[in-house]
Amino acid sequence: MRRLLVGLTALSVLAAVTACGSSGSDGKDGAGSSGPTTVKVGIVPVLDVAPIYLGRKKGFYAERGIELELAPAQGGAAIVPGVVSGQFQFGFSNTTSLLVARSKKVPVKAVANGAASTGKDGADFAAITVSKDSPLTSARQLEGRKAAVNTLDNICDTSIRESVRKDGGDPSEVEFVEMPFDRMPAALDGGQVDAACTPEPALATVKAAGGKEIASNFHDVSPDLTVAMYFTSERFAAENPELVGRFQEATAESLRYADSHPEEVRQILTTYTKIPATLLEKLTLPRYPAEPDRPSIERLAELGERDGLFDKAPDLDELLP
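Residues numbered from 1 in each chain as written. Predicted model: local features only at pLDDT ≥ 70, side-chain atom pairs only at ≥ 80, totals over all residues. Heavy atoms only, no water.

Quick notes on the overall build of the chain
- Looking only at helices and strands, one finds 14 helices and ten strands in the chain.
- Residues classed as buried in the chain amount to 55% of the 321 residues present.
- At a minimum sequence separation of 6, the contacts of the chain that also span at least 24 residues come to 82%.
- Of the roughly 13,000 Å² of accessible surface on the chain, a fraction of 49% belongs to carbon and sulfur atoms. (Helix = DSSP H or I, 4+ residues; strand = E, 2+ residues; numbered from the N terminus. Buried < 20%, exposed > 50% of the residue type's maximum accessible area, 1.4 Å probe, protein only. Contact = heavy atoms within 4.5 Å. Areas by Shrake-Rupley, 256 points an atom, 1.4 Å probe, with all protein chains shown as cover.)

Concerning the pattern of salt bridges
- Taken as a whole and assessed by the stated rule, the structure comprises 20 salt bridges.
- Where Asp307 meets Arg161, a salt bridge forms, and the shortest distance between an N and an O atom there is 3.8 Å. Of the two residues, Asp307 sits in the loop between helix 13 (294-306) and helix 14 (316-319) while Arg161 sits in helix 5 (residues 155-166), which places them 146 residues apart along the sequence.
- With relative accessibility at 15%, the residue Arg161 sits in the buried group.
- Salt bridges sharing partners connect three or more residues here, namely Asp157, Arg161, Glu162, Arg165, Arg299, Glu302 and Asp307. (Salt bridge = Lys/Arg side-chain N within 4 Å of Asp/Glu carboxyl O.)

Concerning the side chain of Ser296
- Here Ser296 is to be found in helix 13.
- One polar contact links the side chain of Ser296 to the main-chain amide nitrogen of Thr226, over a distance of 3.0 Å.
- When neighbours within four sequence positions are excluded, Ser296 is seen to be in contact with Ser222, Asp224, Leu225 and Thr226. (Polar contact = N/O pair within 3.5 Å; in protein donor to acceptor, adjacent residues only side chain to side chain.)

Observations regarding the sheet that holds strand 3 (residues 90-94)
- The strand order 2-1-3-10-4 describes an open sheet built from five strands, whose pairing is mixed. Two strands lie at the open edges of the sheet, namely strand 2 (66-72) and strand 4 (108-116), each paired on one side alone. Ignoring which end each strand starts from, the neighbouring axes of this sheet average 25° apart.
- Examined bridge by bridge, strand 3 and strand 10 (residues 226-233) share four bridges and lie antiparallel to one another. Bridge pairing in strand 10 links Asn94 to Ala228.
- Relative to the sheet, helix 2 (residues 50-58) contacts strand 1 (37-43), strand 2 and strand 10, its axis offset from that of strand 2 by approximately 145°.
- Sheet contacts for helix 3 (residues 76-85): strand 1, strand 3, strand 4 and strand 10; angle to strand 10, the most-contacted strand, approximately 30°. (Pairing = 2+ DSSP bridges. Axes fitted to C-alpha atoms, helices over the stretch in contact; angles between N-to-C directions.)

Points about the layout of surface pockets
- In this structure, the largest pocket encloses a volume near 960 Å³.
- What lines the largest pocket is a set of 35 residues, among which Pro45, Val46, Phe181, Asp182 and Pro201 lie closest to the centre.
- Secondary structure elements with two or more residues in the lining of the largest pocket: strand 3, helix 6 (184-190), helix 7 (202-208) and strand 10.
- With three residues, strand 3 is the single largest residue contributor to the lining of the largest pocket.
- Partitioned by chemical class, the residues of the lining of the largest pocket number 24 nonpolar, six polar and five charged. (1 Å grid on protein atoms, 1.4 Å probe; cavity = no way out; pocket = protein on both sides within 12 Å on 5 of 7 lines; lining within 4 Å. Points joined across faces, edges and corners; volume = space filled by probe spheres on them. Nonpolar A, V, L, I, M, F, W, Y, C, P; charged D, E, K, R; others polar.)

Some details on the environment of Leu279
- Mapped onto the fold, Leu279 is located in helix 12 (residues 277-280).
- Residue Leu279 is classed as buried on the basis of its relative accessible area of 9%.
- On a C-alpha basis, the gap between Leu279 and Thr205 in space is 7.4 Å, while along the polypeptide they are 74 residues apart.
- Sequence-distant contacts of Leu279, defined by excluding residues within four places in its chain, comprise Ala204, Thr205 and Ala208.

Here is the structure:
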């Protein structure tokens, strides 16, 4: 996930919306159409989105008259403006990116949950990791060290700061280095960084090479942390409330199914990721609750404000469903 809003202003986003006209896929709610409504969803091909792939396979969307077109993207830099301009009807993003967008008056609206922490300290699907030869054993020891994050000023460095803070350290003494998740295992082994924010499958890759986990950074924010959500634009939600409702219902069913069928989740991962078969069974899967956890999102917003991610704190009532 690259930086969400580099060069993006509320003015340019609103101009894009105006230029694109209606963001509906074929009018308001596809009313009067003789077949299913095609819905394009911008996603990042990671573990978090396994339920939507699984729900499409199981027919949960088709049963509600929705034909899903899943469009992989590198991250929020493409998905957020794509949703607001109407290129995508829905998108997927980590929660902090949506909070940052909302704080900048970008008109996005969360509509469904995405993924959550496992709720287990030391057994989450993301962790702060170090190399097998590292002397570091706790988050507090990151003071004066380099930690890799996929995007600066986002959910990884905010959660790492909280881990350091909870362990009695000074988070302002941590130096963050931006790099893609798939580069982090090699960067740890090569000594370019001292620690890394590694969600799965990077977490399994690090552990397979003998690396160690020193803190569960998402869990340290909240055991029930809502890590990511599906969202749409305010305009699309207002013009297509019935379609948005059907998407919400299908996504909630997909999340519940994925949460109770982990082996099917692992199998569906082979269809849209390049995770090696040797790592597949070693992955720690996220939880997939049907509903976002508002207290955990409030905590992320508090930390974002504390860390200077927002010029003005976002209004959660404007963002959350």
